[in-house]
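# Observations on the three-dimensional arrangement
Spelled out, the chains give:
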Amino acid sequence: MAYLQTQLGPLTLRNPVLTASGTFGYGQELAPLVDLEQLGALVCKTVTRHPRAGNAPPRTCETASGMLNAIGLQNVGVERFIAEKLPFLRGFDVPLIVNVAGESVEDFAFLARALSDCPGIAALELNISCPNVAHGLDFATDPIVTEEVVSHARAATHLPIFAKLSPNVSDITVIARAAEAGGAHALSLVNTFVGMAIDVRTRRPRLSNISGGLSGPAIKPLALRAVYRCASSVQIPIIGIGGIMNANDALEFFIAGATAVQVGTATFVQPHAALDVIQGIDDYLEANGMTDLQTLVGSLQT
Amino acid sequence: MERCLAAVVDNREVAAGHHRLRLEAPHVAARARAGQFVHVLPRDAATSDPLLRRAFSVLATDDTTFDILFRVQGRGTARMASVRAGDALDILGPLGVPFSMPEPECSGAADAAVETKASARQSSLLSPRVILVGGGVGVPPLAMLAAQIRQDRGDSKKSVEVTALIGARSRADVICLHDFERCSTHVQIATDDGSLGRRGLVTQMLEEQLSTSERKTPHEPGAPAPGEERRDIVYACGPLPMLRAVARICAAHHVPCQISLEENMPCGVGVCNGCVVRVAQADDEYGHYRRVCVDGPVMWASDVAWDEV
């Protein structure tokens, strides 16, 4: 599968399929079921400066061909991540991309610095777009703040920086260009769409947090269009995310302009979904006599 | 834990809206312990809706098959109610923490002064009397526990006395009765409308059981032998209000209690943190929340923060 090799800025991956943050934990739970070393990269659950307990339950709710989540960035904090979670992942030959979220620009810089010194980390993904926490963690609705966060993170580390964008904006290309200007090596888009569901019997929201992030097949058309628009707005590579359940879905994203993809919610349904996508892409290239996936990227004919 | 396509062997409606499904999956049959569950995809792989797997406690196992019993309450269970012998269901399992098995040998009270929480829990499993408290469609894992206790201990000199207390809305909702009757010493039923057993709540029966147990003086029939301390242990599964009441009653009587919790589980394997329950005391390992799918579904009742649930 040499022709699946993928370049994301300075980072070389053996294939273009990554796990989406929040859907693979820190690798430990799924390692017995899934061969981690076949993944293009593992993007782990968001790490924050301080430990976070997360939101009160109910945190999830199934919707039509999708689900809402309001987990609330539950995580052990960067100190315990480095001490307890990182060592396990270092034992596997798979690039580790650490997703980080901060409550301020300074937090992002702090996290970037703290993780810089750790061997075994291939890149950082800046979660500037989580819709499930209060008080302005959603930096990615503001292009000026986006550029500031990215440039501060870049200044704090030698590691490649990917910016994960929110689709909950009027024009995502404005944010994409701001992240590129700030020095992002690649863009991950999209994070979840804000939504809600209501229990008619009790007249209460189904989520304790009232609203949550929508993911799964229902958002694929929306995510695809965001990728397509951003691909013609920036020079840096795009990692496409949103409702990818199988290889065919992934191919749509490549054609739209994504260089790589992330598989998220699909993993809940099938733990080995990401590996199936990789195999499916390989089968497609072979069936079509193609030796380089890159010829597919951005090949949409309009 | 493994993923497989399990062939449907049998699907029968055992009570109105309740289906007992038998599936062929040798690794589940061999390894599932009472309290564990399987995560079932209620559709073909080619479709995407309903999207997520549903969790079902294992009710029984045989050589190569296992049974689950569910009530139709949504789109996923409606789909599953219509499968026939020869169909196949994509399952993941067995998953989760099972019930801790009670030990019939009773060596008297442990030295309270040096007991740690862990050793206290270990010694609380030294119980010759098990009380199962099941509500509605929560009873299957308890039926499996009763069978498991009988199988594991039935031939030992000190057998375990199992009292099954079953509660349901009405006669039509009582399930697994034969499973309990086969494996328990006593079975008592309570229905909201009195259409089967006595009229009332299963928790009332529990209160009576624990109070009676305490009141027995050394010479009464059923009382512990001199030097032997009768210890009850309670296992419960059912609607949340029932579990809350069971936890309260057991705490008041100083009786150890394990419960099996239910929660929506997107992943079932511990990666999404969606299915959490708040714990009474945040600890280093778990923080404020535990995942029902991998840190449960079985937990000690006293670990749960009932005020916040």
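About the cut-offs
- Residues numbered from 1 in each chain as written.
- Chains lettered and ligands numbered in written order.
- Predicted model: local features only at pLDDT ≥ 70, side-chain atom pairs only at ≥ 80, totals over all residues.
- Heavy atoms only, no water.
- Helix = DSSP H or I, 4+ residues; strand = E, 2+ residues; numbered from the N terminus.
- Rg over C-alpha atoms; globule rule 2.2 N^0.38 Å.
- Areas by Shrake-Rupley, 256 points an atom, 1.4 Å probe, with all protein chains shown as cover.
- Salt bridge = Lys/Arg side-chain N within 4 Å of Asp/Glu carboxyl O.
- Buried < 20%, exposed > 50% of the residue type's maximum accessible area, 1.4 Å probe, protein only.
- Pairing = 2+ DSSP bridges.
- Axes fitted to C-alpha atoms, helices over the stretch in contact; angles between N-to-C directions.
- Contact = heavy atoms within 4.5 Å.
- Expected span 1.5 Å × (residues − 1).
- Buried area = accessible area lost by both parts, 1.4 Å probe.
- Polar contact = N/O pair within 3.5 Å; in protein donor to acceptor, adjacent residues only side chain to side chain.
- Nonpolar A, V, L, I, M, F, W, Y, C, P; charged D, E, K, R; others polar.
- Parallel < 35°, antiparallel > 145°, perpendicular 65-115°, else oblique.
- Left-handed = near helix turned anticlockwise from the far one by under 90°.
- Right-handed = clockwise from strand over helix to strand, strands pointing away.

### Here's the deal with the overall build of chain A
Assigned secondary structure in chain A consists of 8 helices and 16 strands. The globule rule puts the C-alpha radius of gyration for 302 residues at 19 Å, and the 18 Å found for chain A is close to it. Along the longest, intermediate and shortest principal axes, the C-alpha atoms of chain A span 55 × 50 × 40 Å. Total accessible area computed for chain A in this model is approximately 11400 Å², and 51% of it derives from carbon and sulfur atoms.

### Concerning the pattern of salt bridges
Residues and elements named next belong to chain B. Under the definition given, this model contains 29 salt bridges over all chains. The salt bridge partner of Asp179 is Arg20, with a shortest N-O separation of 3.1 Å. Of the two residues, Asp179 sits in helix 5 (residues 177-183) while Arg20 sits in strand 2 (residues 18-24), which places them 159 residues apart along the sequence. Linking Arg22 and Asp67 is a salt bridge whose minimum nitrogen-to-oxygen distance equals 2.7 Å. Pair noted here: Arg22 is in strand 2 and Asp67 is in strand 6 (residues 65-71), with a separation of 45 residues, a long-range link. The exposure class assigned to Asp67 is buried, which follows from its relative accessible area of 2%. Linked by salt bridges that have partners in common, Arg20, Arg22, Asp67, Asp179 and Arg182 make up one network.

### Let's talk about the sheet that holds strand 16 (residues 260-263) of chain A
Residues and elements named next belong to chain A. Judged by pairing direction, the barrel is parallel, and its 8 strands sit side by side in the order 3-4-7-8-9-10-15-16 before closing back on the first. In this sheet, neighbouring strand axes are inclined to one another by 25 degrees on average, regardless of whether the strands run parallel or antiparallel. As paired elements, strand 3 (residues 17-19) and strand 16 share 3 bridges and run parallel to each other. Bridging from a neighbouring strand, Thr19 pairs with Val263 of strand 16. Here helix 3 (residues 143-156) sits on the sheet in contact with strand 8 (123-127) and strand 9 (161-164), set at roughly 160 degrees to strand 9.

### Some details on the pairing of strand 6 of chain B
All names here are of chain B. Extensive coverage of strand 6 is indicated by the burial of 6 of its 7 residues. Where strand 2 lies against strand 6, 7 bridges are found, and the strand directions are antiparallel. In the sheet register, His18 faces strand 6, and the bridge partner there is Arg71. Judged from the 2 bridges that link them, strand 5 (residues 60-61) and strand 6 form a sheet pairing that is antiparallel. Considered in strand 6, the bridge of Ala60 is made with Asp67. Between strand 5 and the antiparallel strand that follows it, strand 6, lie 3 residues.

### Points about the sheet that holds strand 9 (residues 161-168) of chain B
Residues and elements named next belong to chain B. Strand order in the open sheet formed by 7 strands is 11-10-9-8-12-13-16, and the pairing between neighbours is mixed. Each edge of the open sheet is held by one strand with a lone partner, namely strand 11 (198-199) and strand 16 (298-300). Running at roughly 170 degrees to strand 12 (residues 232-237), helix 7 (residues 240-252) makes contact with strand 8 (129-135), strand 12 and strand 13 (257-260) of the sheet.

### Details of the environment of Gly120 of chain A
Within the secondary structure layout, Gly120 of chain A lies in the loop between helix 2 (105-116) and strand 8. Taking C-alpha positions, Gly120 of chain A is 7.8 Å from Pro95 of chain A, a pair spaced 25 residues apart along the chain.

### A short note on the side chain of Thr146 of chain A
Residue and element names in this part refer to chain A. Along the chain, Thr146 turns up in helix 3. Exposure remark for Thr146: the relative accessible area of 0% places this residue in the buried category. Contacts of Thr146, omitting those with residues within four sequence positions, involve Ile128, Phe139, Ala140, Ile175, Ala178 and Ala179.

### Digging into helix 7 of chain B
Residue and element names in this part refer to chain B. The first and last C-alpha atoms of helix 7 sit 18 Å apart over 13 residues, in line with the 18 Å expected at 1.5 Å per residue. Met242, Leu243, Ala245, Val246, Ala247, Ile249 and Cys250 are the residues of helix 7 that are buried. Looking at the packing, one finds that the buried side of helix 7 touches strand 8, helix 6 (202-215), strand 12 and strand 13. A positive phi of about 55 degrees marks His254, the residue just after helix 7.

### Description of the interface of chain A and chain B
The extent of an interface is frequently quoted as the accessible surface area lost upon association of the parts. Contacts between the two partners involve 31 residues from chain A, matched on the other side by 28 residues from chain B. In total, about 2500 Å² of surface goes out of reach between chain A and chain B, with carbon and sulfur atoms giving 56% of it. The largest contributions to the chain A side of the interface with chain B come from Glu62, Phe268 and Val269 of chain A, which together make up 24% of the buried area. In this structure, the connection of chain A to chain B is made through 3 salt bridges. Close ionic contact of Glu62 of chain A with Arg54 of chain B constitutes a salt bridge, the shortest N to O distance being 2.7 Å. The interface formed by chain A and chain B holds 13 residue pairs in polar contact (both at pLDDT 80 or more) in total. Put simply, the parts of the chain that give the side of chain A that touches chain B at least two residues each are strand 5 (60-63), strand 6 (66-69) and helix 7 (266-269) of chain A. Among the elements that make up the side of chain A that touches chain B, the one with the highest residue count is strand 5 of chain A (3 residues). Partitioning the side of chain A that touches chain B into residue classes produces 14 nonpolar, 13 polar and 4 charged.

### Some words on the packing of helix 3 of chain A against helix 4 (residues 172-181) of chain A
Residues and elements named next belong to chain A. At a minimum axis separation of 7 Å, helix 3 and helix 4 run at an interaxial angle of 30 degrees. In terms of orientation, helix 3 lies roughly parallel with respect to helix 4. Crossing hand, helix 3 versus helix 4: right-handed. Counted together, Pro143, Thr146, Glu147 and Val150 of helix 3 and Val174, Ile175, Ala178, Ala179 and Ala181 of helix 4 form the full contact between these two elements. Per-class residue counts for the contact of helix 3 with helix 4 are 7 nonpolar, 1 polar and 1 charged.

### Re helix 4 of chain A
All buried positions along helix 4 of chain A are accounted for by Ile172, Thr173, Ile175, Ala176, Ala178 and Ala179 of chain A. Those residues of helix 4 of chain A hidden inside the fold are in contact with helix 3, strand 9, strand 10 (186-189) and helix 5 (220-231) of chain A.

### Concerning the pairing of strand 10 (residues 186-191) of chain B
All names here are of chain B. The sheet contact formed by strand 9 and strand 10 spans 6 bridges and is parallel. In the sheet register, Ile166 faces strand 10, and the bridge partner there is Ile189. One crossover worth recording links strand 9 to the parallel strand 10 by way of helix 5, and it is right-handed. Sheet topology note: the strand 10/strand 11 ladder contains 2 bridges and is parallel. Residue pairing in the sheet places Thr191 in a bridge with Arg199 of strand 11.

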